[in-house]
Structures are given as structure tokens and as C-alpha cells.
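# Structural description and commentary
One-letter residues, chain by chain:
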There are 2 protein chains.
Amino acid sequence: MPNELEPYSRRDLLALIGAVSGSAAMYHAMTSLGFASDSGYKGPIKLEGDPKGASVLILGAGLAGMTAALELRKAGYKVQILEFNSRAGGRNWTLRGGDTFTELGGFKQTCEFEQGLYINPGPWRIPYHHRAVLDYCKRLGVTLEPFVQLNHNAFLHATNAFGGTPQRIRDIKSDFQGQISELLAKVTQQGKLDEAVSKEDREILLQALKSWGALDGDYAYKANPISAEFRGYATSPGGGLGAGPIPGEVINLSDILKSRVWRYLQIFARHTFQDTMFQPVGGMDAIGKAFAREVGDIIQYNAKVTRIQQDDHGVTVTYTNLKAPATPQLAKADWCVCTIPLSILSQIPVDVGASMKAAIDAVPYAASVKIGLQFKRRFWEEDEAIYGGISYTDLPILQIAYPNTGFNSTGRGVLLGAYIFGGPNAYEFTSMSPAERIARAVELGANIHPQYRTEFENGVAVAWHRVPYTLGCAGNWTEKARADHYDNLCQIDGRIVLAGEHASYIPAWQEGAILSSLNAITRLHDRVAKT
Amino acid sequence: MPNELEPYSRRDLLALIGAVSGSAAMYHAMTSLGFASDSGYKGPIKLEGDPKGASVLILGAGLAGMTAALELRKAGYKVQILEFNSRAGGRNWTLRGGDTFTELGGFKQTCEFEQGLYINPGPWRIPYHHRAVLDYCKRLGVTLEPFVQLNHNAFLHATNAFGGTPQRIRDIKSDFQGQISELLAKVTQQGKLDEAVSKEDREILLQALKSWGALDGDYAYKANPISAEFRGYATSPGGGLGAGPIPGEVINLSDILKSRVWRYLQIFARHTFQDTMFQPVGGMDAIGKAFAREVGDIIQYNAKVTRIQQDDHGVTVTYTNLKAPATPQLAKADWCVCTIPLSILSQIPVDVGASMKAAIDAVPYAASVKIGLQFKRRFWEEDEAIYGGISYTDLPILQIAYPNTGFNSTGRGVLLGAYIFGGPNAYEFTSMSPAERIARAVELGANIHPQYRTEFENGVAVAWHRVPYTLGCAGNWTEKARADHYDNLCQIDGRIVLAGEHASYIPAWQEGAILSSLNAITRLHDRVAKT
């Protein structure tokens, strides 16, 4: 659930890390083999050595907790899991017709989507470089299909630009790149790059700009058949007589600059959001369910942890069985892997040292709201030729994301009518009732798709700060918090180790949760095997 | 089967057409409605009026012929189709294990792919703006899935650059765009754009270049966490302790320019190849088979047309029934829709006027070769995290395309080991035996994927100039030929009208075939209804 528009929040810290040394040398060593493997995940974990009958209590049946359970049990540990919710998966969650969900504050929603339609309120896409998630999908039999991140025919919308008319991504992308190329080609020809670029390279640069920027023989980007082969046509080429194409007008650079829709163009280029991306067929919860098929037998649901204690001999966790809340329950084990989100863990008494406790308290959780809307027909495909992908807007809904499944089919469809993260918008929507959130998303979205007004049927809205099991969307590390607290958070404290996306450098992503878990249990096992 | 690297062959002609007038005015009229519809296809054809018992003989059961048959029969015509091949679909064709294919010259291949694996020797992808193809898929129940055109993690390979090591598309794309942005930002700061860009715009331009080009605070693009969030990492961020990311080195602009791999970057930006693209689930021939479900009952297979005659009363076609070739057969009708490729039609005596005959003879057919290779495992996914999409190389194979289905699965896989179009390479491969083509594709491809050497199992190779039913890949209009002959080709000549991709402005694409057919039968029906 990362903020696509603020890619640089981790930069200063990363710069520190990158500067530590050797990145160039390491890169060259790797690429000299031809195929740099850039993931820290090197295939299934191997926990060798005897756990000597040790037991592990895992708190939380999200992906981090279930990964730990699966691998530790396989390595010979006695494992049990306590889970607050009545289902496994955690933020790995899919809402379908008939599902109910009660948020903090008491609002209960029943999803009314038609059978087969869904939204993923939590994670919804998997990058190709999330090797651990992909490997578990393969091992656990989760079928994947492409998640279209960049759809050139989706919209970019700025309320105060272009008369409020949404623009096709392809038009903005082509026209921006073309006119940038034209500017650079012109100064190259005028000799203004002579200091920066060698004569030989300048000549190739002009060829490259012409190719890449769709420039004409005079290095100009304008409305003509060359730009039309990139931005598309006013009238596309057809068949038979009278079917010649007509190029469209170019949107001038000044208008694009002032509209600020250029800020969306970097999203599709970012490593995190680069195609090819994936989604599980049928909903993201296919992953949670696949893990639960492996470890469901050792999950105790409806178990709300209220206290975590440890001493030299083991860990004792006090919890409330929500189905029989009168009597507090105890669970004991030699070790504990705690994957409870910090937003909740910070409110539970935990016997850990001051540095870990400070780390637990140091990480605020990002606000995020997702709203699914069902419509009578897939008008975005039928009327506008938008198949999957995302439209971006400066309206408070921020995004409209189109379903990446059931393409070109007739009948109803569900789209993501808002995906709001961080900032006042997310809090404003969180403070509304679900019905108000949905009504507002429909009202705002109609600025982009007027069909909303006649085609809308029903919706469902999840505000993550009101999800009782998470109280937020994901750990929102500041650079300072990470520098001060991250290592303290991840260290084993006595018999307790934490795991989850919050204990990773990939916050808010399932890959972070799984890699964090694998890292934690590897260290835990080392300690057990050595004891 | 278009040449991705020569986008501009139609430009001069298109410029003529675009200049005819009014494109700006028309564009503005359309976009003022908010949603320009750029396709000439406006939904199912309506052929109103009584055909008065007229009969139509259709030559060719490819998509053009079957579209005509489906719609004309629905409009009340008596329709029959003659087809040279023993199956319907024409170039819409999928090869699977057990399929056999004998090419001109007598080489017979039996495809040995494992069940479920295939290649599409002809068309293999459908753009989102090919509205007619998509509408027929919807009407005829053909299920679609995404065709990944741009995979950022696939390779760009230049034999004489980077020591022959293939480079990730994401690295070249980010590093080229970043350094282009840096150059332009620098001249902007130096005041060298003051004449071309207003002061207000210059300030926004700098912000935009910083965002779009991943520049740092000094407007520099270099190895740091900012560029790493676009190009990817030497070591990606992980989870737990010791898991901080390490950025990779930037490839300098001079090396990218000299390598000429930049020429591939325009492909993904072109309207024709922009994501979202599609493929039918299970193989492209799902479309041909869907049409054949509708009109298969009126197709006569193995019927090789040898003469086409017409007079004031009707059309008479002489053909050979290849199952009983001794006696020439006759077929008669009031009208004829001829979709026979011009490569073959030009060799058949046809009673048409001099201008249409000259047009039929004026269009050479492009050479093209596709080679499917089966491997023991999907090493491109397992070893290199390449899921779908295409790697490009300056080796004669030109492309390696990865399957866009069965992602992340275990077991065997088939990739497209060569897709060669135009130029001497295509003819060189066409002149080889199928076994030689396959061996050469494996030898060359091993430069990009060394795993070829141990994982290859079997292959199949289609050289379109040796396909008896087509004698080439697609109509290869020169600008002059189109200016001189296109309208003459498409006009109704007496009782004969031609259709097919060759009679369209979208040569080599299924959309061209269907739109051409719809245009032709609309005009034919107008004439019949008026008679």
C-alpha cells in the first residue's frame, strides 16, 4: 500500500546505506556473470540442525506469521499460532459478495458484489522482483495472472487543467517525451551541448532523440503521422475505401507542465511498479488461503493478545478468546515470533528491553482507504477502451483502478473507485461512514467517468485505520525512526523476535513480510541450534 | 506481423492524408466531448434492406472471409466459402503438439510440444484499440488475457556492446531517460532554453525533469537510491537485519548511445504496441475457430481457386478439390468477395479491369519467420525473473518472446525463439530447412540465454513465404504503391470486391482484415440493395 507519488521518502537513509561502500564493485561483479540477481531471496529457506524439541508461539496469522509457522514446523519445531481475526491472511484479504466486515466504530458492511467480482482492500499487486512471494505462490499452487499497471489508454486528470477533461496517458506521455526530445535536439544542433557531449555522441544523440521522441526530419514534434504512431490518432487507420488515418493535435508542453499531470509519468517507470506485475487469479486472498491450507490446523482464531511475557525459560502470552471472553487464556512456548502490527503491539504490555520497546513505539501507521464500486456494465471497456490499469487524478480519490480480469466480458464489473493513502484525504475519508465514503467516491469519480451517474449499483469501503486487527495500513517509517530504531526492532530480544512488513525495508508489501519472517526465523533457529 | 523497428514506412502517405484538412478541428470536436473515439469501428455492422435472394461466393476462410460470411448470411444472402487450406482461420493459426505442417518445398514438420504449449505463427497480439477484433471476440465468446508487450526485466542485446552481455530494459530505459533529463535540466539552468521556454515554464520543467528523470537535488542522474528506485538495485531491499538495499551503477549515456539499443525503446511507446494488449486464452486460433463455429457449415475446404470469371449476371469460380483433383469444379454466385492474398491472387486469372489487376500485382509480400522452441523448464522465469514480454537483439533472430500464459508454473515451456521480418535475415532463414532454422535459432539465442544449451528439447519453424496458402506474411505496401493502387484495389469491380489485411490501412493485422471486410460488404450491400 505504498504512496506512489512520494517515492523518495526513504532516500536519505538509502543513500547512507548505499554509500557504505562497494556498490559499484559489487554490481560489476554481479553483472559480469551476465545476470544480476538483485533479490535477497535465494530460494526456499534451509533450517538445518536439530531444534531439540523447541516450541515456538507465533502471534498473527498474516503472511509473516504463516511463513514462520510453515518453515519452523517443517524444521521440526512445535508451532502454534494465535490470530486476533476470525480468518487467516491478515492484510492479505479479498472482499466478495456476501462477505461482512465490521470496522471500529461499529459500522458493519455487507458486500453486495455479484458473484465472481471482488476487491482486494490490502495488497493487490505483486512485482516480478518479489521473488519470495512468487516462490511461495509456486510452491503453494497459487495461480497468477498479469496485473496491468500501465495502461496507455487510461486517464490522467487534473481538476484545473484541460477544462477538467481527463487526458489519455498515451497523449500526455508521447507529447511530453516528444517535446522534451525536441528541446534537447534543438540545443544539441545549436552547439549548446558541445561541452557536455562529444561530437560523435551528439550525432547519435540526435538519432536517438528522433527515434525515441517521434521527431520529424527537422527534429520537431508536432501533429503528424509520426507523432500519431505514438500518441494515437484522431481517426485511426481503417479498412477499405475512405479509411485513411487522421493524426490528432499535440498538447503543447506548456499546458502539460502547468497541469502537473507529468508527475504521474514516473510511476510506471519505477522499479516497484514496472510491468510485468501479477495478481492471484480470483483475488489476493488466494495466497493467504494457500498458506492456511498448510498451517490452518495450528491457528487459533479469535485470540486477542493482551500481554506478552518472557523469562529465561520461555514465553507466556495472555489472550482473550473472543468467543468466550470471560476467562483470560494463556499460551506458552520456548520462543515467540511476534508479527502483530506495531500499531497494536505498542498498546500491549510486552516484556522486552527498552530499545525494542522504543522501536515498537516509534513507527506510526499510514492511513489508507480503498473503495470498491460495482457498476451495471464495464463501461470503461465498452465506451472508453480502458482495459485494466489505473487512471490518476488530483481529486481526493487519487486513483480509479480497473479490474485486471474478465477483460472484454459482458455484464457487471467492479472497479477500485478510490485508493487514498496518507495525507488529509485519507483521514477525511476514514472519518466518514462507509456509506458516505462510497457516495463521495461516486460523486468525485463521475468527473472522470460520467457513466458513474447511471451505472453505479453498490460499493464497499475499507479505511485501514478502522480495521481492528491492524489499525492502519502499514508501518510508515520516517528516515530518522529507521536510523534510530530499525535494528533494535529486528533484533532478537531474549526469546522474542518480531517480523512483518514493519520489520523490513519493503514496508507495506507482502514481500517485506515474508523476507522479514525468513530473516527472523533464520536468526532464531541459529540461536536455538547453538543453545 | 509488422516490423517494429521501421515504424515510419507509411509516413509520407499518411502525411498526405493528414494534410487533407481539418484534423485539428476534428480532434477538438471529438475531445470536447471528453472521450475521443479513435476507431472507425462503431459496433456491429447493420446491413439493412433486402438482398433480394442474392448469393455471394466468398474466397478464403480467413478472418476477412468469415466476417463477410457471417454478416452477409445474417443479412439474408445465400453464402458459400471456398478455402484452399484444410482448416479455417488463414493466418490466424496456432501450432500445438501433434499438429503437422508441410511447407512449399516439401518439408513436413510435426510439432512435438507438450500438451498445452503452443506458438502462434501468425498474429499473436491484439491492441486495445482494435475495436472490431475485440467486439467479435466478445460476440463470439473468445476469452482474452493480457499479452505483455513491455517487460522491464527482459533484455536488450547488442552483439558489439557491453561485452555482448544482455542488458535489462529497465536499466537502459531508466539510464537513458535519466541522462537525457539531466542534459536538458543543465541547459535549462544555464539559461540556454530562455528563448524556447518561458520563465514560468522553465521552473516547472526543472521539477518535471527531476521527477521524470529520477534526478537528484543537483539535477544529476547517478548511482544512488533515487535512480535505483527506477532502474532497480544491485541488491534489493530485504527484510530483517542486514537487508538494506544497494543501488546499481549507472550505464553512461555514451555507452548507451554507441550501443544503439536505444532504438528499441520506441517500440513500447508506439500506439500499435502499447499495453494493454491481449491474446486469446489457449492460442490465437480461438478466434478463427469461433468464426468457424458460426460459418463452418458453408466452408468448402481443400478448394484451390484457379480462375475467377464474371459477366453481367454473376461470378464463376473454377477450383480444384484437392481431395479429388482430377476434375475442375465450378462455383457460381451473383457476387464475389475475394480475400485471397495478393501474393496468390496475382497468379490466378481474374476477370477484373486493368486498374484492379494492376493493383493486385503491385503489392509484394513481406517475408517473415517465426520459430517456437520448447525447453525443459521456464528458465527465463526461474533464473532471470522474466515473465512474458520480449527481449530484443541485433542477432538475426531479432526477438525472443516469452509466453504470456502459465506464469510461474513448473515444467516445460515454449518461447518464441525468433521473429524475423523483412530484410535479408528473413530470406536467409526461409531458405533453410526447418531443422536448420531451429538449430540456428538455438545457437544464436544461447548468446542471450546460455540455458538454451542444456534445456532445449524441440522446435517448430514457420517461414511465411513457404506457406502455400499465403506465400508471404502480409501485404507490404510501399508508399508509392498505395498512392497509385490502393483505391483501385478496394473498389468494387463489376461483381467482385476484394477484402483482407492487404485492402486496409492496417496491413498485417487482423483488425485490418475485419475492417476491410466490413467496408467491402457494406459497399457491396449498398449496390445490391439499390439494384
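Quick look at the structure, then. (Residues numbered from 1 in each chain as written. Chains lettered and ligands numbered in written order. Predicted model: local features only at pLDDT ≥ 70, side-chain atom pairs only at ≥ 80, totals over all residues. Heavy atoms only, no water.)

## Overview of the overall build of chain A
When you go through chain A residue by residue, the secondary structure sums to 18 helices and 24 strands. Relative to the 2.2 N^0.38 estimate, which gives 24 Å for 531 residues, the radius of gyration of chain A is 26 Å and therefore close to what a compact globule would have. Overall, the C-alpha framework of chain A stretches about 80 × 60 × 40 Å when taken along its three principal axes. Relative to its 531 residues, chain A shows a buried fraction of 66%. In chain A, 71% of the contacts between residues at least 6 apart in sequence involve partners at least 24 apart. Of the roughly 18100 Å² of accessible surface on chain A, 51% is carried by carbon and sulfur atoms. (Helix = DSSP H or I, 4+ residues; strand = E, 2+ residues; numbered from the N terminus. Rg over C-alpha atoms; globule rule 2.2 N^0.38 Å. Buried < 20%, exposed > 50% of the residue type's maximum accessible area, 1.4 Å probe, protein only. Contact = heavy atoms within 4.5 Å. Areas by Shrake-Rupley, 256 points an atom, 1.4 Å probe, with all protein chains shown as cover.)

## Description of helix α15 (residues 434-445) of chain A
Along its 12 residues, α15(A) runs 16 Å from first to last C-alpha, staying within 8% of the 16 Å computed at 1.5 Å per residue. By the burial criterion, the buried members of α15(A) are P434(A), R437(A), I438(A), A441(A), V442(A), L444(A) and G445(A). (Expected span 1.5 Å × (residues − 1).)

## A short note on the packing of helix α3 (residues 63-74) of chain A against helix α10 (residues 285-295) of chain A
Residues and elements named next belong to chain A. Interhelical geometry of α3 versus α10 gives an angle of 35 degrees and a closest axis separation of 10 Å. Viewed along their axes, α3 and α10 form a crossing whose handedness is left-handed. Contact with α3, carried on its side by L63, M66, T67, A69, L70 and R73, involves I287, G288, F291, A292, E294 and V295 of α10 and no other residues of that element. By residue class, the composition of the contact of α3 with α10 is eight nonpolar, two polar and two charged. (Axes fitted to C-alpha atoms, helices over the stretch in contact; angles between N-to-C directions. Left-handed = near helix turned anticlockwise from the far one by under 90°. Nonpolar A, V, L, I, M, F, W, Y, C, P; charged D, E, K, R; others polar.)

## Some thoughts on the pairing of strand β1 (residues 55-59) of chain A
Residues and elements named next belong to chain A. With five of five residues buried, β1 is to be regarded as a mostly interior element. Burial of β1 is two-sided: the residues S55, L57 and L59 facing one way and the residues V56 and I58 facing the other way are all buried. With five bridges connecting them, β1 and strand β2 (residues 78-82) associate as parallel partners. Opposite S55, over in β2, you have K78 as the bridge partner. Regarding the hand of the β-α-β motif, the stretch spanning β1, α3 and β2 is right-handed. Both β1 and strand β18 (residues 335-338) contribute to a ladder of four bridges, which runs parallel. For L57, the partnering residue across the bridge sits in β18 and is C336. (Pairing = 2+ DSSP bridges. Right-handed = clockwise from strand over helix to strand, strands pointing away.)

## Digging into the environment of K289(A)
All names here are of chain A. Along the chain, the position of K289 falls in helix α10. The exposure class assigned to K289 is partly exposed, which follows from its relative accessible area of 45%. Between the C-alpha atoms of K289 and S391, which are 102 residues apart in sequence, the distance is 30 Å.

## Observations regarding the side chain of T318(B)
Tracing the backbone shows T318(B) in strand β16 (residues 315-321). Those residues in contact with T318(B) that sit more than four places away from it in its chain are K304(B), V305(B), T306(B), R307(B), Q309(B), P328(B), Q329(B) and L330(B).

## Section: the interface of chain B and chain A
Taken together, the 123 residues of chain B in the interface contact 124 residues of chain A. Across the chain B/chain A interface, buried area totals approximately 10900 Å², and carbon plus sulfur atoms make up 63% of it. Taken together, the connections running from chain B to chain A amount to six salt bridges. The closest approach of N and O atoms between E229(B) and R270(A), which form a salt bridge, is 3.4 Å. (Buried area = accessible area lost by both parts, 1.4 Å probe. Salt bridge = Lys/Arg side-chain N within 4 Å of Asp/Glu carboxyl O.)

## Observations regarding empty space enclosed by the protein
With the rule as written, the count across this model stands at nine cavities of 30 Å³ or more. Lining of the largest cavity is provided by 14 residues; of these, K173(A), Q177(A), W212(A), K173(B) and Q177(B) occupy positions nearest its centre. When residues of the lining of the largest cavity are traced back to their parent elements, those giving at least two are α5 (169-189) and α9 (265-269) of chain A together with α5 (169-189) and α9 (265-269) of chain B. For the lining of the largest cavity, the per-class residue count stands at 10 nonpolar, two polar and two charged. (1 Å grid on protein atoms, 1.4 Å probe; cavity = no way out; pocket = protein on both sides within 12 Å on 5 of 7 lines; lining within 4 Å. Points joined across faces, edges and corners; volume = space filled by probe spheres on them.)

## Quick look at unusual backbone geometry
With an omega of 10 degrees, the peptide bond running from D275(A) to T276(A) counts as cis. Mapped onto the elements, T276(A) comes out in the loop between α9 and β13 (277-280). Located in the positive-phi region is L471(A), a residue other than glycine, with phi close to 55 degrees. By the element assignment, L471(A) lies in the loop between β23 (456-463) and α17 (479-490). Phi is positive for R260(B), which is not a glycine, with a value near 65 degrees.

## Some words on the side chain of R125(B)
By secondary structure assignment, the location of R125(B) is in the loop between β6 (118-119) and β7 (126-127). Looking at R125(B), its side chain comes within polar contact range of the side chain of Q149(B), at 2.8 Å. (Polar contact = N/O pair within 3.5 Å; in protein donor to acceptor, adjacent residues only side chain to side chain.)

## Considering the pattern of salt bridges
All names here are of chain B. In this structure the tally under the stated criterion is 56 salt bridges over all chains. Between K186 and E182 there is a salt bridge; the shortest N-O distance is 3.3 Å. One end of the pair, K186, and the other, E182, are both in helix α5, four residues apart, so they sit about a helical turn from each other. Measuring nitrogen to oxygen at the nearest pair gives 3.9 Å for the salt bridge that ties K222 to D216. D216 gets classed as buried once you look at its relative accessible area, which sits at 8%.

## A word on the sheet that holds strand β24 (residues 496-498) of chain A
All names here are of chain A. The strand order across the open sheet formed by five strands is β14-β2-β1-β18-β24, and the pairing between neighbours is parallel. The sheet terminates laterally at β14 (299-300) and β24, the two strands that pair on one side only. Of the pairings in the sheet, the one linking β18 to β24 comprises three bridges and is parallel in character. Across the sheet, residue V337 finds its bridge partner in β24, namely V497.

## Some remarks on the relation of the copies chain B and chain A
Screw-axis analysis of chain B against chain A gives a translation of 0.0 Å along the axis, an RMSD of 0.0 Å, and a rotation angle of 180 degrees. The relationship between the two copies is best expressed as a two-fold rotation axis. Across chain B, the rotation axis passes nearest the C-alpha of L184(B), at a separation of 3.0 Å. Most of the interface of chain B is mirrored in chain A, where 100% of its interface residues again form contacts. (Least-squares fit on C-alpha atoms with pLDDT ≥ 70 in both.)

## Remarks on the packing of aromatic side chains
For the structure on display, the rule yields 45 aromatic pairs over all chains. Centre to centre, the rings of W124(B) and Y419(B) are 5.5 Å apart; their planes meet at 90 degrees, and the pair counts as edge-to-face. Of the two residues, W124(B) is situated in the loop between β6 and β7 and Y419(B) in strand β22 (residues 413-421); the sequence distance between them amounts to 295 residues. A single burial state applies to W124(B) and to Y419(B), both of which are buried. When the centroid spacing of 5.3 Å and the interplanar angle of 35 degrees are considered together, the rings of Y136(B) and F291(B) count as tilted. Pair noted here: Y136(B) is in helix α4 (residues 131-140) and F291(B) is in helix α10 (residues 285-295), with a separation of 155 residues, a long-range link. The pair Y136(B) / F291(B) is uniform in exposure class, with both members buried. Here the aromatic cluster, defined as three or more aromatic residues joined through ring pairs, consists of F375(A), F379(A), W380(A), Y402(A), Y452(A) and F456(A). We note R139(B) situated over the ring of Y136(B); from NZ or CZ to the ring centre the distance is 4.4 Å. (Phe/Tyr/Trp six-rings, centres within 6.5 Å; stacked < 30°, edge-to-face > 60°. Lys NZ or Arg CZ within 6 Å of the ring centre and 35° of its normal.)

## Let's talk about the sheet that holds strand β7 (residues 126-127) of chain A
Residues and elements named next belong to chain A. What the three strands build is an open sheet, ordered β7-β13-β8; its pairing is antiparallel. Both outer strands of the open sheet, β7 and β8 (144-147), are each paired with one neighbouring strand and no more. The pairing of β7 with β13 spans two bridges and is classified as antiparallel. Paired with P127 across the strands is M277, a residue of β13.

## Focus: the environment of D334(A)
Residue and element names in this part refer to chain A. Among the structural elements, D334 can be located in the loop between β17 (329-333) and β18. For D334, the contacting residues outside a window of four places in its chain are G53, A54, S55, H313, G314, V315 and R495. In this structure the side chain of D334 is engaged in a polar contact, spanning 2.9 Å, whose partner is the backbone nitrogen of S55.

## Describing helix α6 (residues 199-213) of chain B
With 15 residues, α6(B) ought to run about 21 Å at 1.5 Å a step, and its terminal C-alpha atoms sit 21 Å apart, in line with that. On its buried side, α6(B) packs onto α5, α6 (199-213), α8 (253-259) and α9 of chain A together with α5 and α7 (225-231) of chain B. Directly beyond the C-terminal end of α6(B), a positive phi value near 60 degrees is found at A214(B).

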